[in-house]
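# Geometric and topological summary
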Amino acid sequence: MTLYTVSVSDPKEEPPLDLPAPPPGAQPGAHPSAKRKYVLDDFDPAVVGYRSTEERKAGAAKPKRKWGKAAGTAGLAAVLLAVVVSTITILALPGCLKRKCIEAAAARGVVLTIDDVHLGAGRFTLVNATASAPELPGVSAKATEIEIEMAGLTPMRVTARSPELVIDGPYEQVKESFAKWRATHKGSIPGDGAGAGGATPRLVLEGAHVAWTRPFGANVKLDVLEMRAEIGRTGTNDEVHVLSPHVIVNVGGSNVGPWRITYDREGADARSRIGFDPQLADGPNAIFVTSGERIATVDVSIPRTQLVNVGIAPELFGLPAGSSTQIEANIRFTHSVANRVDAKATLGLFAIKTAALPVALDAKAELQVAGDPSSAEVKKGTLSVGPLNGAVLGTLRVFDDGIRIDLGWKAGPLPCDAFASAPSIPTVTGAAPLGDLANQLKQFAQATGIAKVTGEVRMEGSLIFDSRDFGTAMVRFTPANTCDLALFGGK
C-alpha cells in the first residue's frame, strides 16, 4: 500500500506533487485535473475505515429477496401439511369414535360392541351395534345402524334403525330394573339429560321389533312389530311417543291381535290406545289414561262383532276354534281419587256353542262396581244365559301394576217343564240335550196323560282376569239339570 501526502501552501499555486510515474500510455501534458483524478482513483479508502470501491460495487449488485415467492412456497407447504394431518385424522377418527362410544356406554353400565363407524357431516353412524347391561338382566338390543347427530361435541339425536329389543321377565320386574338403572346414571342417558345449549338429546327407534317373553305371565309372549318410538325430555318432563301397527299377544299358544297400539306421555300424564281392528281407524278400541302411576280412566267400546274381528281367539273363552261367537262391550272405569274406583260395564257374548251346550246361546251381563281400589265390590250385577237369569257377585282389585277381576254367577232354578217347548236348553257335559229330553218327556206325558215333567235347570259360572298374568284368565259355564218324568201324578 502506498501512502500519498498532499500539501497546499497557496491555493493559487499548485504545489509540487511527489507522484509516481504515470502509468503506461498516459498522455503527456494532460490537464492537471487529470493528475488529480488519477490520484483519487488510486487512493485506498480502507486506510481511513471506508469500504473500497470494489466492495461498494459488489454491495450494490447484490440481488433483492423475492418474498412473494417464498411466502407462496410456505403456504403450499402448510396446505400440504394440513391435508396430511386431516387425512391421518380422518383415518384415525372412526377408531377413536368407536373407542369413545364403547367407553361412554361402559360408563353407563352398558356393554357395547360395534362393527364399524361411518362419518358424515355433523354426524356419525355406528354399524351393527349390540348392547346389554348387567343392571338390566334379560334385556339386550341390537341395531343395524345407530346414527348420532352432533352439535359440536354434544350428541343431540340418537336414531336406531331396525333395532331388535329382546326382553325376558315380568313387566313390573323389568320396569323396576330400568328405573334403578336410570336413577344410577341420571342425566347421562339419551333423552334424559341436557344437551348443547340446554337442549335435550332424543332417542328415536325406527322400525323396531320388540320380543318380550313372560311380560304378563309365564305362558305369555308379546311381539311388537314395526314400532316407532321417540323418547326425550321437555324441561323437567319426560316425553315419550310410541306407535306400533302390529302387536300380538300369545297366551298359551293362542294369539290375541294383531292390534294397533299408541302411547303418548308428557310428564306424569299418559294416554294409550288399543285399536282392536287395525283396519278400522275408528273401530273397536280401548283408551287408557294414566296420571303418575295410577290408571285414571279406562274406556272400552266394542260394537257387536265376531271375536276374530277384534283379534281374540275363541279358544280363550273355551270355545272351539273357528267359532262364530260375537262380542259386544262398553266399559267405563274411573279412578280419579286414590281411595275410590267406579266402573260400569255391559258385556255380551252371542252364539256361544260348546260341547256342553248342544245349541248356541247368548250371554249378557251388566255390572256396577264401586269402592276401595284394594277390593271394590260388585254393587249390582245381572247375567242372562239363554232363558236363565241370575245375579253376579265379585270384586275388582286395582294394583300398582294392573287389575284383577273375580266374578261368579248363578242362574236359575227354572222348572224343567218351562223348557219343554224350548229347543235351546243347556245340559251337562255328556248328558242328552235338555231340549230333546224335555220334548220327549212332554210327548210321552201328552200321549199317556198320566205323567208330567219334573225337576229344574240351573247354571253356574265364573270369570277370572288378571292383567298381571294373562294365563289365569278363564270363563266358565256349568249348566246342570234334574229334569225327570213323574208317573201317575207323583212328585
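I will try to describe carefully the structure that is included in this document. (Residues numbered from 1 in each chain as written. Predicted model: local features only at pLDDT ≥ 70, side-chain atom pairs only at ≥ 80, totals over all residues. Heavy atoms only, no water.)

A cis amide bond links G257 to the next residue, P258, at an omega of 5 degrees. Structurally, P258 is set in strand β9 (residues 254-266). The phi torsion at S162 lies on the positive side, around 50 degrees, for a residue other than glycine. Inspection of the secondary structure assignment puts S162 in the loop between β4 (154-161) and β5 (164-168). S162 sits in the partly exposed class, given a relative accessible area of 43%. Phi is positive for R214, which is not a glycine, with a value near 65 degrees. (Helix = DSSP H or I, 4+ residues; strand = E, 2+ residues; numbered from the N terminus. Buried < 20%, exposed > 50% of the residue type's maximum accessible area, 1.4 Å probe, protein only.)

Let us now look at the side chain of H335. Looking at the secondary structure, you find H335 in strand β13 (residues 326-337). From its side chain, H335 meets the backbone oxygen of A338 in a polar contact 3.3 Å long. Residues within four places of H335 in sequence aside, it is in contact with R294, I295, A296, R340, V341, P373 and V398. (Polar contact = N/O pair within 3.5 Å; in protein donor to acceptor, adjacent residues only side chain to side chain. Contact = heavy atoms within 4.5 Å.)

Right, let's talk about the nonpolar core for a bit. With 70 residues, the main nonpolar core has F124, L126, I146, F276, I302, I327 and F333 as its most contacted residues. Filtering out sequence-adjacent residues up to four positions away, I302 remains in contact with F276, P284, V310, I327, E328 and A329. (Core = buried A, V, L, I, M, F, W, Y, C linked by side-chain atoms within 4.5 Å.)

Here we take up the pattern of salt bridges. Tallying each qualifying case throughout the model produces 18 salt bridges. The partner of E145 in a salt bridge is R161, with the nearest N and O atoms 3.7 Å apart. Here R161 lies in strand β4 and E145 lies in strand β3 (residues 139-151), a separation of 16 residues in the sequence. Exposure remark for E145: the relative accessible area of 35% places this residue in the partly exposed category. Each of the salt bridges in this network shares a partner with another, and the network as a whole consists of R123, E145, E147, R157, R161, R202, E206, R228, E230 and E239. (Salt bridge = Lys/Arg side-chain N within 4 Å of Asp/Glu carboxyl O.)

Here we take up the environment of K175. In this fold, K175 is placed in helix α4 (residues 171-184). Distance from K175 to L136, taken between C-alpha atoms, is 9.7 Å for residues 39 residues apart in sequence.

Time to look at the packing of aromatic side chains. Taken as a whole and judged by the stated rule, the model has four aromatic pairs. Seen from their ring centres, Y171 and W212 are 6.2 Å apart, and the 35 degrees between their planes marks the pair as tilted. Note that Y171 is positioned in helix α4 and W212 in strand β6 (residues 202-213), a separation of 41 residues in sequence. Owing to a relative accessible area of 12%, W212 belongs among the buried residues under this scheme. Through successive ring pairs, a cluster of aromatic residues spans Y171, W212 and F216. The ring of F399 is capped by R468, whose NZ or CZ atom sits 3.9 Å from the centre of that ring. (Phe/Tyr/Trp six-rings, centres within 6.5 Å; stacked < 30°, edge-to-face > 60°. Lys NZ or Arg CZ within 6 Å of the ring centre and 35° of its normal.)

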